[in-house]
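Next come the chains, spelled out residue by residue.
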Amino acid sequence: MYSSSYVRKSVGMMVTATTSSYKRIRVRIPWKRYFWKASVCEENRSIVLRRQSSGEILQFPSAWLRDNCQCSECFSASLHSRIIPLAKFTARILPSAIECFKEEDGRTSVSVNWPDKHRSVYTLEWLKKNNFDEDDQNARLRDDFKFDKITWNANNFAQIIRRFSFETLLQNDNELLNWLVTLKEKGIAIIERAGQDEHLIEELSRRVGFIKRTTYGKLFRVEADEHSTNAAYRSTPLELHVDLPYYEYCPSFVILHYVVQSANQNEGENHLVDGFELCKQMKNYDSEMYDALVNTIVEWTDISQHDQQQMHHIHRAPVICLDSEGSVVRLNFSQHQRDSRLNTSVEQANRWYDAMNWFIHLALLQKNLVKLKMQQGDMLTFDNLRVLHGRGAFTSKRCLIGGYLDADIVDSKIRVLRTKLKSS
């Protein structure tokens, strides 16, 4: 079918590509080694590109191609955004012609003519980068959005914990990226030798983006105050919890700077539990108990006063929050901030209490509970939606400065750093 004379005509020749199930279209044939056969499948309103030499197939919805036209009328390079007016967009659309050709710079591109006389051109490189192959889509999700979750317990904590130098994080983009990815994957990391300046969290946060302001301001200072309405500000033992579960938009990452650490050896140690590891253990042990913590809505509340402002927060959510794929994405857990109201049946309430009792039992097991005494001047950073944290009692002076980072800001910085370091 493809004679030498046929190939020699290269870019200048037009042929018809058709099968019984495909719409008849006109396709321009480039050099043989760049030859891609194009067809339109009316049944699922898509365009199919097939490389003759290898059999590689790329398939794209017609509406998606029209929606993502890269010409200056449809897409603004400076805005990094499509600018097609919504009123002019038609979802049920098929091309009138497709042209595969070789650019002057040697790249292969695909030109599509639409019924409204508009012409779109897509480089093969761009099409491959955004193709609909499931494996490629999952790879893109891993690069841009998803991170492997590496769970831990008391037995392997010493092996998984990573330590970073404060000064290096301020100066080295590679190390900054490693720290942020560690927080996403393991949910915890230690920053050493920061010093005792109380504004160092702000300096570090500027390397990432900016601090998340909460009820307690940009930063919060934790010292013993026996009259405080917040249990964290007292010197008595602090139960395992996550911060601010009564926030719908709960802070994602915590930075705790140990400006002054308790001088007594066994006082003020941190208690840490990987909540995602607990969820795995609980689901494997008793899936019905796990489901009770997933499906029962709890009210998380905070009635307090800060800087002469009265606060009354309420957030309704289960202990274990899942995404659309069934993966755990957030834990809500705080004995002090769980409201008395439980808007469910008596039977479901009993199942929930049984499940909570077992969840707490797992958290306090020696194999799961990490006890860590931080050094003065160091910082503990962790995922607040994942890591249950508490503290032992203390009697000597102890002062922490704390701040929060949102996952949106952390994720954004990871993408920026990856792009920057890849191009450098």
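Residues numbered from 1 in each chain as written. Predicted model: local features only at pLDDT ≥ 70, side-chain atom pairs only at ≥ 80, totals over all residues. Heavy atoms only, no water.

**What to know about the sheet that holds strand β10 (residues 108–113)**
- Read from one edge of the open sheet, 3 strands run β9-β10-β11, paired in antiparallel fashion. At either margin of the open sheet sits one strand with a lone partner, and together these are β9 (97–102) and β11 (119–123). In this sheet, adjacent strand axes meet at a mean angle of 20° when their direction is disregarded.
- Two strands pair when backbone bridges link them, and β9 and β10 are joined in this way by 6 bridges, in the antiparallel orientation. Residue pairing for β10: A97 is matched across the bridge by N113. (Pairing = 2+ DSSP bridges. Helix = DSSP H or I, 4+ residues; strand = E, 2+ residues; numbered from the N terminus. Axes fitted to C-alpha atoms, helices over the stretch in contact; angles between N-to-C directions.)

**Details of the sheet that holds strand β16 (residues 253–260)**
- Read across the open sheet, the 6 strands follow the order β12-β13-β23-β16-β25-β14; overall the sheet is mixed. Each having just a single partner strand, β12 (163–165) and β14 (219–222) make up the two edges of the open sheet. Adjacent strand axes in the sheet meet at a mean angle of 25°, parallel and antiparallel pairs treated alike.
- When strand β13 (residues 188–192) meets strand β23 (residues 379–383), the two strands line up antiparallel, connected through 4 bridges. Residue pairing in the sheet places A189 in a bridge with T381 of β23.
- The strands that helix α7 (residues 173–186) touches are β12, β13, β16, β23 and β25 (399–405); relative to β13, the one it contacts most, it runs at about 145°. (Contact = heavy atoms within 4.5 Å.)

**Considerations on the pattern of salt bridges**
- Enumeration over the complete set of coordinates arrives at 19 salt bridges.
- Of the charged contacts in the structure, one is a salt bridge between E223 and R221, with a shortest N-O distance of 2.8 Å.
- Relative accessible area serves as the criterion here: at 38%, R221 is assigned to the partly exposed category.
- E299 is paired through a salt bridge with R341; the nearest N and O atoms lie 3.0 Å apart. One end of the pair, E299, is in strand β18 (residues 298–306); the other, R341, is in the loop between β21 (328–331) and α11 (346–364), with 42 residues separating them in the sequence.
- The class of E299 is buried, set by a relative accessible area of 7%.
- Here the residues in one salt-bridge network are E198, R221, E223 and K397, joined through shared partners. (Salt bridge = Lys/Arg side-chain N within 4 Å of Asp/Glu carboxyl O. Buried < 20%, exposed > 50% of the residue type's maximum accessible area, 1.4 Å probe, protein only.)

**Brief notes about the nonpolar core**
- With 52 residues, the main nonpolar core has I188, L272, L293, I320, L380 and L388 as its most contacted residues.
- Looking at which element gives the most residues to this core, the answer is α11, with 6 residues.
- If sequence neighbours within four positions are ignored, I188 has contacts with W152, F157, I160, I161, T182, L183, L272, L380, T381 and F382.
- Listed in part, the 31 residues of the second largest apolar core include F166, L200, L204 and L417. (Core = buried A, V, L, I, M, F, W, Y, C linked by side-chain atoms within 4.5 Å.)

**Some thoughts on the packing of α7 against helix α12 (residues 407–423)**
- Where α7 meets α12, the closest approach of the two axes is 10 Å, and the angle between their N-to-C directions is 140°. Our classification of the angle between α7 and α12 gives oblique. For the pair α7 and α12, the sense of crossing is left-handed. For the pair α7 and α12, contact is made by D173, N174, L176, L177, L180, V181 and K184 and by A407, V410, D411, K413, I414, L417, R418, K420 and L421, respectively.
- Of the residues belonging to the contact of α7 with α12, the class tally is 9 nonpolar, 1 polar and 6 charged. (Parallel < 35°, antiparallel > 145°, perpendicular 65-115°, else oblique. Left-handed = near helix turned anticlockwise from the far one by under 90°. Nonpolar A, V, L, I, M, F, W, Y, C, P; charged D, E, K, R; others polar.)

**Some details on a negative patch on the surface**
- Together, D133, E134, D135 and D136 make up a region of like negative charge exposed at the surface.
- For D136, a relative accessible area of 34% corresponds to the partly exposed category. (Patch = residues over 30% accessible without salt bridge, like charges linked within 9 Å, V, L, I, M, F, W, Y side chains within 5 Å. Areas by Shrake-Rupley, 256 points an atom, 1.4 Å probe, with all protein chains shown as cover. Lys, Arg positive; Asp, Glu negative; His and termini not counted. Charge placed at Lys NZ, Arg CZ, Asp CG, Glu CD.)

**Some details on unusual backbone geometry**
- The phi dihedral of K117 falls on the positive side, at around 75°, and the residue is not glycine.
- Inspection of the secondary structure puts K117 in the loop between β10 and β11.
- We classify K117 as exposed; its relative accessible area is 76%.
- Its identity as a non-glycine residue notwithstanding, L244 has a phi of 55°, on the positive side.
- As for its placement among the helices and strands, L244 is situated in the loop between β15 (238–241) and β16.

**Let's talk about the environment of F394**
- Relative to the helices and strands, F394 resides in the loop between β24 (387–391) and β25.
- The spacing of F394 and A263 is 131 residues in sequence and 9.3 Å in space, taken between C-alpha atoms.

**A look at the confidence of the model for the protein chain**
- Residue-level pLDDT values for the protein chain average 88, and 89% of them are 70 or greater.
- With pLDDT under 50 throughout, residues 1–24 is counted as low confidence; its partners more than four residues away or in other chains account for 39 contacts.
- Of the regions scoring below 50 in pLDDT, residues 26–34 engages in 40 contacts with residues more than four places distant in sequence or in other chains. (pLDDT = per-residue confidence, 0-100.)

**Digging into the environment of A263**
- By the element assignment, A263 lies in the loop between β16 and β17 (270–274).
- Spatially, the C-alpha atom of A263 lies 6.4 Å from that of S396, the residues being 133 residues apart in sequence.

**Quick look at α7**
- With 14 residues, α7 should reach 20 Å at 1.5 Å per residue; the first-to-last C-alpha distance of 20 Å fits that figure.
- Across the 14 residues that make up α7, a large majority, 10, are buried.
- Within α7 the residues assigned to the buried category are D173, L176, L177, W179, L180, V181, T182, L183, K184 and K186.
- Its side-chain oxygen placed 2.9 Å from the backbone nitrogen of N174, N172 serves as the N-cap of α7.
- Taken from the residues just after α7, G187 is the one with a positive phi, measuring 80°. (Expected span 1.5 Å × (residues − 1). Polar contact = N/O pair within 3.5 Å; in protein donor to acceptor, adjacent residues only side chain to side chain.)

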